[in-house]
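Spelled out, the chains give:
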Amino acid sequence: MSIKLDNTKAYLKSYSERLIRLLKKSLDNKKITYTGAAKNSLRQNIVEDSLDAFGIEIVGKDYLKTIEEGGRPPKLPQVSDIATWLVQKPVDIYGRLTLRQIARKVTLKIRRVGIRQNMFIKPLVDRERGNLKLIAPFVKDLKVSIKDILKQQGLDVGNKTIKFK
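Remember, it's a predicted structure, so these values are computed and weren't measured experimentally.

Chemist: Can you tell me about the environment of leucine 76, naming the residues and giving the values?
Modeler: Mapped onto the secondary structure, leucine 76 falls in the loop between helix H3 (63–69) and helix H4 (79–88). For the pair leucine 76 and glycine 114, spaced 38 residues apart in the sequence, the C-alpha separation amounts to 9.3 Å. With near-sequence residues (within four places) excluded, leucine 76 lies in contact with Ile110 and Arg111.

Right, dumping it as structure tokens:
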């Protein structure tokens, strides 16, 4: 027995594309990221292993999870990367320290303490979850599949209408 999930899959794809657009808009915030690499890494993955594991995954750079949850990054940043980030980030730099010295201090602090939590993914997903309405597309897919299943079992439904209640 197999059930086709064409409409449901299309609906999930549309929903995940909307989530990605909204996440990319969030990532335009220079306080979260500055290069655009994180934003450009976002993509969707429709999971369809079985009816129990049907859904979507939004996939992106590993450090997005570190920004979201806080903690030590999987790969420590280079001083030059932090210096570039400091130039792009809206921060005031005072005192006699050079940009490289400040970048070195930030890099050492990230190594010791990690990155402060900056949740932007979970609130967006929680807010948008209310827009995910899968029942109608799933029922439509199920109706088509039932006709196919009946045919596979040797029951010819021809052009007769099957009513579902």
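And the narrative resumes.
Chemist: So what about helix H5 (residues 99–112)? Which residues, and what values?
Modeler: Helix length check: H5 (14 residues) gives 20 Å between terminal C-alpha atoms against 20 Å at 1.5 Å per residue, within 8%. Along H5, the residues that are buried comprise Ile102, Ala103, Thr107 and Ile110. Along the long axis of H5, the arc covered by the buried residues comes to 140°, so they all point the same way. Among the exposed residues of H5, those oriented more than 90 degrees off its buried face are Lys105 and Arg112. For H5, the elements touching its buried residues are H4. Within two residues after H5, glycine 114 carries a phi angle of roughly 105°, on the positive side.

Chemist: Report on the environment of arginine 18, specifying residues and quantitative values.
Modeler: Along the chain, arginine 18 turns up in helix H1 (residues 6–26). Residues arginine 18 and glutamate 128, 110 residues apart in the sequence, show an inter-C-alpha distance of 9.1 Å. Not counting the four nearest positions on each side in its chain, arginine 18 is found in contact with Glu128 and Asn131.

Chemist: Go over the pattern of salt bridges with me, naming the residues and quoting the values.
Modeler: Across all of its chains, the model carries four salt bridges by this definition. The residue glutamate 17 makes a salt bridge to lysine 13 at a minimum N-O spacing of 3.8 Å. Here glutamate 17 pairs with lysine 13, and both are found in helix H1, just four residues apart, close to one helical turn. Two residues, lysine 122 and aspartate 126, come together in a salt bridge whose shortest N-O distance is 2.8 Å.

Chemist: Give me the packing of H4 against H5: which residues, what numbers.
Modeler: Their axes nearest at 8 Å, the elements H4 and H5 cross at an angle of 115°. The pairing of H4 with H5 is recorded here as roughly perpendicular in orientation. In this structure, H4 crosses over H5, and the sense of that crossing is right-handed. Here Val79, Ser80, Ile82, Ala83, Leu86 and Val87 of H4 come into contact with H5, specifically with Leu99, Arg100, Ile102, Ala103, Arg104, Val106, Thr107 and Ile110. Counted by class, the contact of H4 with H5 contains 10 nonpolar, two polar and two charged residues.

About the criteria used
- Residues numbered from 1 in each chain as written.
- Predicted model: local features only at pLDDT ≥ 70, side-chain atom pairs only at ≥ 80, totals over all residues.
- Heavy atoms only, no water.
- Helix = DSSP H or I, 4+ residues; strand = E, 2+ residues; numbered from the N terminus.
- Contact = heavy atoms within 4.5 Å.
- Expected span 1.5 Å × (residues − 1).
- Buried < 20%, exposed > 50% of the residue type's maximum accessible area, 1.4 Å probe, protein only.
- Arc of directions from axis to C-beta.
- Salt bridge = Lys/Arg side-chain N within 4 Å of Asp/Glu carboxyl O.
- Axes fitted to C-alpha atoms, helices over the stretch in contact; angles between N-to-C directions.
- Parallel < 35°, antiparallel > 145°, perpendicular 65-115°, else oblique.
- Left-handed = near helix turned anticlockwise from the far one by under 90°.
- Nonpolar A, V, L, I, M, F, W, Y, C, P; charged D, E, K, R; others polar.

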